Amino acid sequence: MDFRLSDEQQMAVDSFRRFLEDVIRPAIAAHDDTFIPKDEMQGLLKQLLQFGMGNGLASEADGGMGLDPVTFGLLFEELSRVSPDVAIVVLIQEETGLLLSAASDELKAQYLGPLLEGDKFGSIGISEPAVGSNIADIKCRAKVDGDDLLITGEKQWISGGHYSDFNVTVARESDDGAAGIGLYLVDRAQGYESQNIPKLALNRQSTAQLFFDKVRIPKSQVLFPPGQGLKRLMTLLEGSRPLVGLMAVGISQAALDYSIAYAKERKQHGKPIGAHQLIQARIAEMAVKVEASRLMLFKALDQVGRGIRSDFQSGMAKYFAAEAAIEIIRHAMAIHGGNGVTREFPIEELYRIAPILTVTEGTPEMQKLIIGRSLLGMPAF
Ligand SMILES: Cc1cc2nc3c(=O)[nH]c(=O)nc-3n(C[C@H](O)[C@H](O)[C@H](O)COP(=O)(O)OP(=O)(O)OC[C@H]3O[C@@H](n4cnc5c(N)ncnc54)[C@H](O)[C@@H]3O)c2cc1C
């Protein structure tokens, strides 16, 4: 094991940090947790592409940068520290790109190329109003109609949904259980509609409901036929859950950085609060949890990069990091005293973001059930 970054990785992280401070932080600060219009978000995304954010994980053959997951994760954590909102946009572009890697050449030319250039926004529609943790229960229908399919249903909580030019829609053609789930590419121009959902935080980007009412698509837009969709999604989630975990590490690291600076500056009882033992205990606990989360997540990403099955490691790491972020940011809030709960300071926004990350891409309960299944060899879902 060698935990050191290569010179190339270190240089990439350093130059990305400068870019984030110069470009992304001021752009984000101009929006107080309010929706960033599509053209503005697209402008940011296009600049991020030079660092492999939005086109990093796709293979070079497909027009991406072909970064290994660990290197991608290093940069993604930095982005998440500065803007979790933009990180979600990047994550969804990346995930959509990976799903399109198996598409036909025509679909790749029409969708994957523009996605990797930042000219099109993708999104992934798994969750529905009545279907969340139990993906196998998908209700959305892809009904065969001659050479076409008619997509009907509603999708809920779709990241990037309001921006999306197309959606990878999870649907079933018939009622024959999990085996029937397929993945279908649906263009917005073919007829789905979206509505943004206001949330506790992360409102600079879109989480949306999508509505499909007999949206007609040709069969050539089947990405994974019935029976292959669920397996592909599970593999995708093994790779993406550590990235959601790194978003938690990003906001946790930000909370730690702010807390250290504040504890050095703020004086009570005749000395900086950082010189009081109980404040140092909070700082130490925060640092330990940030580091433990990070190590677990990068181990998972290393496994993903090596093609090793990672449901167990990814589940453990995502669960731990997201729960740890809540505790870490609670310490940060305490260290900031009254200032911790005001909008003048950044902690209260981090405090609102943390619980959202426990839900996205699988709740703590789902991660524990995945961990338990791996250890016991029996499912308890
Ligand atoms: C900000 C955000 C972005 C998202 N982005 C996307 C996206 O891009 N695409 C997409 O498809 N979805 C997306 N989601 C949806 C997300 O994946 C789901 O919200 C999540 O999987 C949980 O589903 P649910 O909300 O329906 O909760 P439910 O499944 O209804 O769960 C409710 C509660 O019951 C628990 N529970 C469920 N089953 C069991 C069980 N067997 N045993 C014990 N406890 C159980 C859960 O852990 C949870 O605590 C997003 C969600 C959020 C909040």
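Residues numbered from 1 in each chain as written. Predicted model: local features only at pLDDT ≥ 70, side-chain atom pairs only at ≥ 80, totals over all residues. Heavy atoms only, no water.

## Structural notes on the site of the ligand
Taken together, 18 residues are adjacent to the ligand, and Ser-127, Ser-133, Trp-157, Thr-363 and Glu-365 come closest. In the model, an oxygen atom of the ligand is placed 2.7 Å from a nitrogen or oxygen of the Ser-127 main chain. Of all the secondary-structure elements, those providing two or more residues to the shell around the ligand are strand S1 (124-125), strand S3 (148-159), helix H9 (347-359) and helix H10 (364-376). When we break the shell around the ligand down by domain, the ones giving at least three residues each are domain 2 (124-226) and domain 3 (230-376). (Near = heavy atom within 4 Å. Polar contact = N/O pair within 3.5 Å; in protein donor to acceptor, adjacent residues only side chain to side chain. Helix = DSSP H or I, 4+ residues; strand = E, 2+ residues; numbered from the N terminus. Domains from an automatic or database assignment.)

## A closer look at the pattern of salt bridges
Scanning the entire structure with this criterion turns up 24 salt bridges. Taking the shortest distance from any N to any O, the salt bridge between Arg-294 and Glu-291 comes out at 3.3 Å. Of this pair, Arg-294 and Glu-291 both sit in helix H7 (residues 277-305), 3 residues apart, which is roughly one turn of the helix. For the salt bridge of Glu-348 with Arg-352, the shortest nitrogen-to-oxygen distance reads 2.9 Å. With Glu-348 and Arg-352 both in helix H9 and 4 residues apart, the pair spans about one turn of that helix. Where salt bridges share partners, they join Asp-33, Arg-343, Glu-348 and Arg-352 into one cluster. (Salt bridge = Lys/Arg side-chain N within 4 Å of Asp/Glu carboxyl O.)

## Describing the domain arrangement of the protein chain
The assigned domain composition of the protein chain is domain 1 (7-116), domain 2 (124-226) and domain 3 (230-376). Put simply, the middle of domain 2 and the middle of domain 3, counted by C-alpha atoms, are 30 Å apart. Every contact between the two is made by 14 residues of domain 2 and, on the other side, 14 residues of domain 3. Together, the buried faces of domain 2 and domain 3 total about 1200 Å²; carbon and sulfur atoms form 80% of this surface. The tally of links from domain 2 across to domain 3 stands at 1 salt bridge. For Arg-204, the salt bridge is made with Glu-349, and the minimal N-O distance between the two is 2.8 Å. Between the two partners, domain 2 and domain 3, sit 2 residue pairs in polar contact (both at pLDDT 80 or more). Of the residues belonging to the side of domain 2 that touches domain 3, the class tally is 12 nonpolar, 1 polar and 1 charged. (Contact = heavy atoms within 4.5 Å. Buried area = accessible area lost by both parts, 1.4 Å probe. Nonpolar A, V, L, I, M, F, W, Y, C, P; charged D, E, K, R; others polar.)

## Things to note about empty space enclosed by the protein
Inspection of every chain in the model, using the stated rule, returns 1 cavity of 30 Å³ or more. One number sums up the size of the largest cavity: a volume of about 40 Å³. When residues of the lining of the largest cavity are assigned to their parent elements, the largest contribution, 4 residues, is made by helix H4 (residues 84-100). Its residues assigned to classes, the lining of the largest cavity comprises 5 nonpolar, 5 polar and no charged. A domain split of the lining of the largest cavity shows at least three residues from each of domain 1 (7-116) and domain 2 (124-226). (1 Å grid on protein atoms, 1.4 Å probe; cavity = no way out; pocket = protein on both sides within 12 Å on 5 of 7 lines; lining within 4 Å. Points joined across faces, edges and corners; volume = space filled by probe spheres on them.)

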